[in-house]
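Residue-level structure breakdown
What follows is each chain in one-letter form.
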Amino acid sequence: MMFTTLIFATIIFYVIRFYYKYFTRLNPLPGPLPLPIIGNLKLSTFKNADKFFGELNRKYGDICEIILSGKRIIVLSNPKDFNKMFTMSTKSPYTTRFPMKDGLPEYFPATFGVSSNKDIKSWRYNRHLFVQAVMSSTYLQEVLNWTNKCFVEKESYWNDLYMINENTPRELDLNKWIVRFTNDVTAVLTFGERAYTMMAYYEVLSKEDNKKRSSEVKLVSYNTVEKSEKFIESFKTYLGGGTFFIVVPRLLRKYVPGLKGKTQKLYANREYLYNAFSELITQRRKEIENESLEETLDRKDMLSSLIISNTERDPKRNDSNSYELSMTDEQIRFNLIDAFSGSSDTTSNFTSILIYYIAKHPEVKKKIFEEIDNIFNGDITRPVSHNDIKELKYCPAVIREVSRFHPVLPMIPRYITEPDNLAGYNWPTGTQFYFNVVGILQHPSYWDDPKEFIPERFFDDQLNKDLRNLLFGFGVRNCPGYKSSMIEMQCFLCLLFRKYDVELVDPNAPLKTVIGFLTACLELPVRIKLRK
Ligand code: HEM
């Protein structure tokens, strides 16, 4: 009885304290009333974050607030607050994405790599070498080469599994293939090693169908496929673990039985992954050392590029001091993690969203066919080149319109490292802001008919110039991979639509997604046939 009363009193105390703090907060802003513990994080937030953020803007205006994981977050939906937050100056207080505190730095590095690096000096160094690697013309050529190659590989599986023809459309979940396709392209570009996730999926499907594998499909050894699947799975577990470390307090992680077990599993997985990276890096270092200095490296992947950065093999090295700044294995590891995590899920989910909207709008698909047919003249086998991509005008407009309509990242976070005045209020150090991407991309003051899907609006080069690239973020911490992913996505569109017609199985069904920080597409059931 005593114990129940104590618990009850503690809860009452907690609730009163919570609302006292809430109603006496600094600069109170409109926003949904939060609940103790969960704040504004309802289940619906996760299922429909795009709707959630769109409604925030419509209901509460251009500046409002929410509480997530116990933290107050100021949500901004007006581009006039934009320039200050997304400045190109590294001296700005808005150069950090989120606070690296609570459980996060125990699990993710706070001063390594690019994405979560809060030490601006170290971030600048890493970002410089990262950008050098992924923006070089040789790397961008590799993006095109591997997108072409992996597409051809995917087709060999499709031919065997579905025997796609002109007359009878075949049903398949295109999202499953896009995820694996992107993983395979990203892995080889990042690590210089093939992942075989498409092949592994082909194995699963042919087993399910009791199908005998075609001799056309060349399988590498079972062990290689299994090893690469394990690596990709471990990577996903590693990234997912971040949320666990943010949400579950340290004491619970250390002492509560189920949670302690989960913590240990995450650490063990991280150990496995870090060792796998070390092996990759050591092996590649050896290969590079064995190559003569005069020879140009045959691999243009990010790993090779980071190993040689600021060494005597680096064509971009320009002073003798740079030698001191070549990367350690640990630095390389975290840059590779950032490259793989930054590119695989974003590109695959956005590509699925893109195909969904194209298939949903037959008039858009028709114009895509026309544009692509004009470039390829019925040649459905030659590799797509940079010149082909340069000729595209309608396809990039469709990509922009889809990203306006259904952005893959519904908000962009920033966190201030010193007090500042923003949107007319003074904010203390540590205030967290979300730039409401959905709100802005559908804001009636900035777009005519924002609810209409009109790719042609982006033919006007001057239209909302500042907002066009919201898909990839802004300012000093914008996405360094925007060029490579634009190439990959446009190349994919050419390869797919010059040969195949894609229709949604149910054109009226909404796209199935789940949304945390990222819009994750769950499935994309389509009917696919060869174009006549
Ligand atoms: C469709 C594909 C992609 C989308 C939609 C996307 C989107 C974004 C966005 C919105 C940001 C945050 C920008 C900000 O905070 O202002 C970001 C950051 C980042 N992205 Fe991407 N990205 C994509 C592909 C890639 C690729 C291919 C790579 C690597 C090659 C990459 C690596 C990164 C990294 C490392 C950061 C952190 C930058 C920093 O903190 O300095 N992304 N991305």
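Summary of the structure given here. (Residues numbered from 1 in each chain as written. Predicted model: local features only at pLDDT ≥ 70, side-chain atom pairs only at ≥ 80, totals over all residues. Heavy atoms only, no water.)

Moving on: the site of the ligand. Neighbouring the ligand are 28 residues; Arg97, Trp123, Arg127, Arg414 and Cys479 lie closest to it. Within the side chain of Arg127, one N or O atom sits 2.8 Å away from an oxygen atom of the ligand. Of all elements in the fold, only α6 (120–135), α14 (329–360), β4 (411–415) and α19 (482–497) reach the threshold of two or more residues within the shell around the ligand. Looking at the shell around the ligand element by element, the count peaks at five residues for α14. Here the residues of the shell around the ligand sort into 14 nonpolar, ten polar and four charged. (Near = heavy atom within 4 Å. Polar contact = N/O pair within 3.5 Å; in protein donor to acceptor, adjacent residues only side chain to side chain. Helix = DSSP H or I, 4+ residues; strand = E, 2+ residues; numbered from the N terminus. Nonpolar A, V, L, I, M, F, W, Y, C, P; charged D, E, K, R; others polar.)

So, about the environment of Gly424. Mapped onto the secondary structure, Gly424 falls in the loop between β5 (420–422) and β6 (425–427). Here Gly424 falls in the exposed class, since its relative accessible area comes to 64%. The spacing of Gly424 and Val114 is 310 residues in sequence and 31 Å in space, taken between C-alpha atoms. (Buried < 20%, exposed > 50% of the residue type's maximum accessible area, 1.4 Å probe, protein only.)

Tracing the backbone shows Ile37 in the loop between α1 (2–23) and α2 (43–47). Residues Ile37 and Cys64 lie 27 residues apart in sequence; the distance between their C-alpha atoms is 20 Å.

Across its 16 residues, α6 extends 21 Å between first and last C-alpha, which sits within 8% of the 22 Å expected from 1.5 Å per residue. Regarding α6, the residues found buried are Ile120, Ser122, Trp123, Tyr125, Asn126, Arg127, Leu129, Phe130, Gln132, Ala133 and Val134. Where α6 begins, one side-chain oxygen reaches toward the backbone nitrogen of Lys121, 3.1 Å away; that side chain belongs to Asp119. (Expected span 1.5 Å × (residues − 1).)

Running from N to C, helix α7 (residues 137–162) and α19 point in directions that differ by 35°, and their axes come no closer than 9 Å. The two elements α7 and α19 cross, and the hand of that crossing is right-handed. Contacts between α7 and α19 involve Tyr139, Leu140, Val143, Leu144, Thr147, Asn148, Phe151 and Trp158 from the first element and Lys483, Ser484, Ile487, Glu488, Cys491, Phe492, Leu495 and Leu496 from the second. Residues that form the contact of α7 with α19 fall into these classes: eleven nonpolar, three polar and two charged. (Axes fitted to C-alpha atoms, helices over the stretch in contact; angles between N-to-C directions. Left-handed = near helix turned anticlockwise from the far one by under 90°. Contact = heavy atoms within 4.5 Å.)

Let us now look at the sheet that holds β4. Taking strand neighbours across the sheet as the criterion, the four strands line up as β1-β2-β7-β4 in an open arrangement whose pairing is mixed. Strands with a single pairing partner mark the edges of an open sheet, and in this sheet they are β1 (63–68) and β4. Sheet twist, expressed as the average angle between the axes of neighbouring strands with direction ignored, equals 30°. (Pairing = 2+ DSSP bridges.)

Turning our attention to the coordination of the iron atom of the ligand. Within the protein, just one atom coordinates the iron atom of the ligand: Cys479 (SG), at a distance of 2.3 Å. Mapped onto the elements, Cys479 comes out in the loop between α18 (437–441) and α19. (Donors = N, O, S within 2.8 Å, 3.2 Å for Na, K, Ca; no water.)

Taking 1.5 Å of rise per residue, 32 residues should cover 46 Å, and α14 covers 46 Å from first to last C-alpha, within 8% of that figure. Counting buried positions over the 32 residues of α14 gives 24, a clear majority of the element.

A few words now on the pattern of salt bridges. One pass over the structure, following the stated rule, counts 23 salt bridges. Put simply, Arg527 and Glu171 hold a salt bridge, and the shortest N to O gap is 3.3 Å. Residue Arg527 is found in strand β11 (residues 525–530), and its partner Glu171 is found in strand β3 (residues 170–173); the two are separated by 356 residues along the sequence. Residue Arg527 is classed as partly exposed on the basis of its relative accessible area, which comes to 28%. Across the salt bridge formed by Glu401 and Arg404, the nearest N and O atoms sit 2.8 Å from each other. (Salt bridge = Lys/Arg side-chain N within 4 Å of Asp/Glu carboxyl O.)

Now for the sheet that holds β3. Read across the sheet, three strands follow the order β3-β11-β8 without closing on themselves; strand pairing throughout is antiparallel. Because the sheet does not close on itself, it has two edges, and the strands there are β3 and β8 (500–504). With direction set aside, neighbouring strand axes in the sheet form an average angle of 35°. Sheet topology note: the β8/β11 ladder contains five bridges and is antiparallel. If you follow Leu504 over to β11, its bridge partner there is Val526. Each of β8 and β11 touches α19; the most contacted strand, β8, lies at about 100° to it.

Evaluated as defined, the whole model comprises 45 aromatic pairs. Aromatic pair Phe112 and Phe334: ring centres 5.2 Å apart, planes at 40°, arrangement tilted. In this pair, Phe112 is assigned in the loop between α5 (104–107) and α6 and Phe334 in helix α14, connecting sequence segments 222 residues apart. Both rings, one in Tyr357 and one in Phe405, keep their centres 5.5 Å apart while their planes meet at 80°; by these two values the pair is edge-to-face. Of the two residues, Tyr357 is situated in helix α14 and Phe405 in helix α17 (residues 394–405); the sequence distance between them amounts to 48 residues. Overall, the relative accessible area of 21% leaves Phe405 in the partly exposed class. Against the face of Trp158 rests Lys154, its NZ or CZ located 3.3 Å from the ring centre. Directly above the ring of Trp447 sits Arg404, whose terminal nitrogen or CZ lies 5.5 Å from the centroid. (Phe/Tyr/Trp six-rings, centres within 6.5 Å; stacked < 30°, edge-to-face > 60°. Lys NZ or Arg CZ within 6 Å of the ring centre and 35° of its normal.)

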